[in-house]
Amino acid sequence: MEQTTTDALRQQPDRRRGFLLFLRDLAIIFVVAVLVSFLIKTFLIRSFFIPSGSMENTLVVDDRIIVNELVPDVVGLERGDVVVFQDPGGWLDSAPEIEQSPVTAAVEWFLSLVGLAAPDSDDHLIKRVIGLPGDTVECCNALGQLSVNGVPLDESAYVKLPVGESRVSQIDFSVTVPEGSMWVMGDNRWNSQDSRYHMDMPGGGSVPIDDVVGRAFVISWPVSRWGWLGNYPEVFDGVPDPADVPADSGATTGGE
């Protein structure tokens, strides 16, 4: 009986030590997971939610998307890419500050740290790249189409227009995209405050490529909306590089 009691007393420290080791390992795993998530969010991918209908029907309000942050620094931009970018200045109205409890603010900060929340989505915009540096973008021709470097585009695969409308822009324009910039437009073409509506600003409506956060490549939430986001290369396949466009093609230059 005495021997049994002694053995039980010896086992108690071992159990406590085993439990403490378990807690230590759990803490290490948690810290490593947070660090890895932070590095992924900082350098590879990031989550955003869609606050407006300017990209319908490709993206709808409250969709959550995953953005590849290797674009454009490591992987170059292409015409047709759907990109998230910082407000180049004056595109967005200043949003009122929402008061949060300390607990809610702390939770949101942590989730944003690991890429599971996007509290700054309202400070960014998402549009489709139509023109790259040197491209001449014009609209509209007799069929209501937009042209890039003189080549009309069939954008029916992604553009949303009002019923009975064929013009892909309410306004006519002709611009040449400056070096280091891009021309962007929303897929909901008649309900998007995109490059067309900021032509009186520095850059003539074009957005500095340096403002790009990354390329959206997947809808991650809700599950019913899950899917890949393509850039429709077939739409832009026939567009020549700006250097290959004849000087007498009739293209005009717009913007500052």
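Quick caveat: nothing in here was measured; it's all calculated off a predicted structure.

Caption draft 1: Just the side chain of Arg196, in detail. Tracing the backbone through its elements, the reader meets Arg196 in the loop between strand E9 (181-185) and strand E10 (207-208). Polar side-chain contacts of Arg196 include one of 2.8 Å to the backbone oxygen of Arg189. Side-chain polar atoms of Arg196 contact the side chain of Asp194, separated by 2.8 Å. Sequence-distant contacts of Arg196, defined by excluding residues within four places in its chain, comprise Val168, Ser169, Gln170, Ile171, Phe173, Trp183, Met185 and Arg189.

Caption draft 2: Main features of the pattern of salt bridges. In the structure shown here, the tally under the stated rule is seven salt bridges. Residues Arg79 and Asp135 are paired through a salt bridge, measuring 2.8 Å at the closest nitrogen-oxygen approach. With Arg79 in the loop between strand E2 (64-68) and strand E3 (82-86) and Asp135 in the loop between strand E4 (124-131) and strand E5 (136-139), this residue pair connects regions lying 56 residues apart in the sequence. For Asp135, a relative accessible area of 0% gives the class buried. Residues Arg128 and Asp187 are paired through a salt bridge, measuring 2.7 Å at the closest nitrogen-oxygen approach. Taken together, the residues Arg128 in strand E4 and Asp187 in the loop between E9 and E10 connect sequence positions 59 residues apart. We classify Asp187 as buried; its relative accessible area is 0%.

Caption draft 3: Geometry of the sheet that holds strand E8 (residues 173-176). Reading across from one edge, E7-E6-E5-E8 is the order of the four strands in this open sheet, with antiparallel pairing throughout. With partners counted over all chains shown, the strands left at the sheet margins are strand E7 (151-152) and E8, one partner each. The sheet contact formed by E5 and strand E6 (residues 146-148) spans three bridges and is antiparallel. Following the sheet pairing, Val137 is matched in E6 by Val148.

Caption draft 4: Structural context of the pairing of E5. Across four bridges, E5 lies against E8 in antiparallel orientation. If you follow Val137 over to E8, its bridge partner there is Val175. Linking E5 back to E6 in an antiparallel pair, the connection comprises six residues, with Gly144 at a positive phi of about 80°.

Caption draft 5: Structural context of unusual backbone geometry. The amide bond that connects Glu56 to the next residue, Asn57, takes the cis arrangement and shows omega of 0°. Mapping Asn57 onto the fold places it in the loop between strand E1 (45-49) and E2. Of the consecutive residues Val71 and Pro72, the connecting peptide bond is found in the cis state with omega at 10°. Assignment of secondary structure puts Pro72 in the loop between E2 and E3.

Caption draft 6: Structural context of the nonpolar core. Ranked by size, the top nonpolar core spans 18 residues in total, and within it Ile130, Val137, Leu146, Leu153, Phe173, Trp183 and Phe236 carry the most contacts. Dropping the residues within four chain positions of it, Ile130 is found in contact with Arg79, Val137, Leu146, Val148, Glu155, Tyr158, Trp183, Val184, Met185, Arg189 and Phe236.

Caption draft 7: Structural detail: the environment of Val71. Among the secondary structure elements, Val71 is positioned in the loop between E2 and E3. Along the primary structure Val71 and Arg215 are separated by 144 residues, whereas in three dimensions their C-alpha atoms are 5.9 Å apart.

Cut-offs used in this document
Residues numbered from 1 in each chain as written. Predicted model: local features only at pLDDT ≥ 70, side-chain atom pairs only at ≥ 80, totals over all residues. Heavy atoms only, no water. Helix = DSSP H or I, 4+ residues; strand = E, 2+ residues; numbered from the N terminus. Polar contact = N/O pair within 3.5 Å; in protein donor to acceptor, adjacent residues only side chain to side chain. Contact = heavy atoms within 4.5 Å. Salt bridge = Lys/Arg side-chain N within 4 Å of Asp/Glu carboxyl O. Buried < 20%, exposed > 50% of the residue type's maximum accessible area, 1.4 Å probe, protein only. Pairing = 2+ DSSP bridges. Core = buried A, V, L, I, M, F, W, Y, C linked by side-chain atoms within 4.5 Å.

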